[in-house]
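Coordinate analysis (summary)
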Amino acid sequence: MKQVSLLCCTLGCFLLPSLLIGQPYFGAINSTSYDRWALGLNLGTLWVQGDIQPQIPGYQVGVYAQKSIQRPFDIRFSFNWGQASGQDLSPTDGLRFNPIFNSPTDTTGQFDSTMAIFQNYQMTAMDAALEFKLNLNRVFLTHSGDNWDAYVLAGMGILLSLTKMDIYDDQAGAIYDYSTIPTDDLQKARESLKLLVDGNYETLAERDFINSTFVGKYVFNTQFIMGLGGRYRLANDLAIGIEARYTFVGSDLLDGQQWKDAFSTDPNSVRQFSNDGIVRIALTLDYTFP
């Protein structure tokens with residue numbers, strides 16, 4: 001509900017200047033620079049803001065189509081694909097309620113519930129979104145600033161995610177033995193973990209089968225997006241830019257972890273109850289059609 005309220009407030013801020021400013025802005029510039037469709041490409045990094053320490057950089061690539069609907073406002077349709085990973089450098093224990101580490105049916109993932117574990121994950125995500133941009137320079141500058149845009153954006157869409165963990169040593173034929181990993185030196189822990197894990201994310205992370213919708217192995221979620229960016233026109237039909245976005249997702253399992261370090265017998269007392277998010281930073285390149 002907080003995410004929906006935040007999105008509504010943001011869109012309200014977008015619409016208010018339009019009501020106050022109105023049509024006169026169209027006479028201040030060459031409108032043909034703004035009323036055409038642009039096709040763009042973005043390339044950058046992403047990571048999950050969650051319970052496991054992210055490894056940066058992850059990577060993402062996407063395409064988008066956008067068009068101005070008034071001088072201050074653009075509408076955009078975007079499609080993105082990316083992959084993020086994480087590796088804790090400090091041990092986690094008390095995972096007795098996580099079926100991935102304490103499965104009664106899968107002996108390959110049978111950890112002792114009191115065993116310290118250095119958690120990791122790899123998440124693959126695909127998303128589609130409808131976004132609205134408010135170009136701040138077009139609001140405050142009537143006869144200048146036509147070659148660049150500084151903007152904020154908000155939107156919503158769908159997200160398909162698949163999260164896996166690397167908890168099994170293929171060569172040894174057993175789960176990893178984390179007892180050899182030092183816990184008092186983060187640099188030594190990082191080096192030891194690189195030697196221990198094989199980078200084959202073979203195990204599906206914990207999923208919520210009761211409250212989630214699935215498309216094959218992928219988990220289906222709605223997403224709400226907020227961001228900011230800058231765009232500079234190299235020519236009348238070509239522009240480059242940089243953009244940062246934060247994606248709110250109604251799931252605490254994007255990184256496969258939702259449990260605190262505790263040995264309670266009540267799962268509700270050790271569940272995090274905090275949703276994960278996705279941070280994206282990307283360079284953009286777009287072409288405006290005649």
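Above this text is the structure in question.
So, here's what we can say about the structure. None of the values given here were measured: they were computed from a predicted structure.

1. Let's talk about unusual backbone geometry
In this model, Ile56 is joined to Pro57 through a cis peptide bond whose omega is 10°. Note that Pro57 resides in strand 2 (residues 54-68). In the Ramachandran plot, Phe273 falls in the positive-phi region, its phi being about 55° despite a non-glycine side chain. Residue placement: Phe273 occurs in the loop between helix 4 (267-270) and strand 12 (277-288).

2. Some points on the pattern of salt bridges
Once their charged atoms are close, side chains differing in charge can pair, the charge on each being opposite to the other. By the definition in use, this model includes eleven salt bridges. Here Asp74 and Lys133 are joined by a salt bridge, their closest N and O atoms 3.5 Å apart. Taken as a pair, Asp74 in strand 3 (residues 73-87) and Lys133 in strand 4 (residues 120-135) lie far apart in primary sequence, 59 residues in all. Residue classification places Asp74 among the buried residues on the basis of a relative accessible area of 2%. Classification of Lys133 as buried rests on a relative accessible area of 0%. For Glu243, the salt bridge goes to Arg245, with nearest N and O atoms at 3.9 Å.

Basis of the calculations
Residues numbered from 1 in each chain as written. Predicted model: local features only at pLDDT ≥ 70, side-chain atom pairs only at ≥ 80, totals over all residues. Heavy atoms only, no water. Helix = DSSP H or I, 4+ residues; strand = E, 2+ residues; numbered from the N terminus. Salt bridge = Lys/Arg side-chain N within 4 Å of Asp/Glu carboxyl O. Buried < 20%, exposed > 50% of the residue type's maximum accessible area, 1.4 Å probe, protein only.

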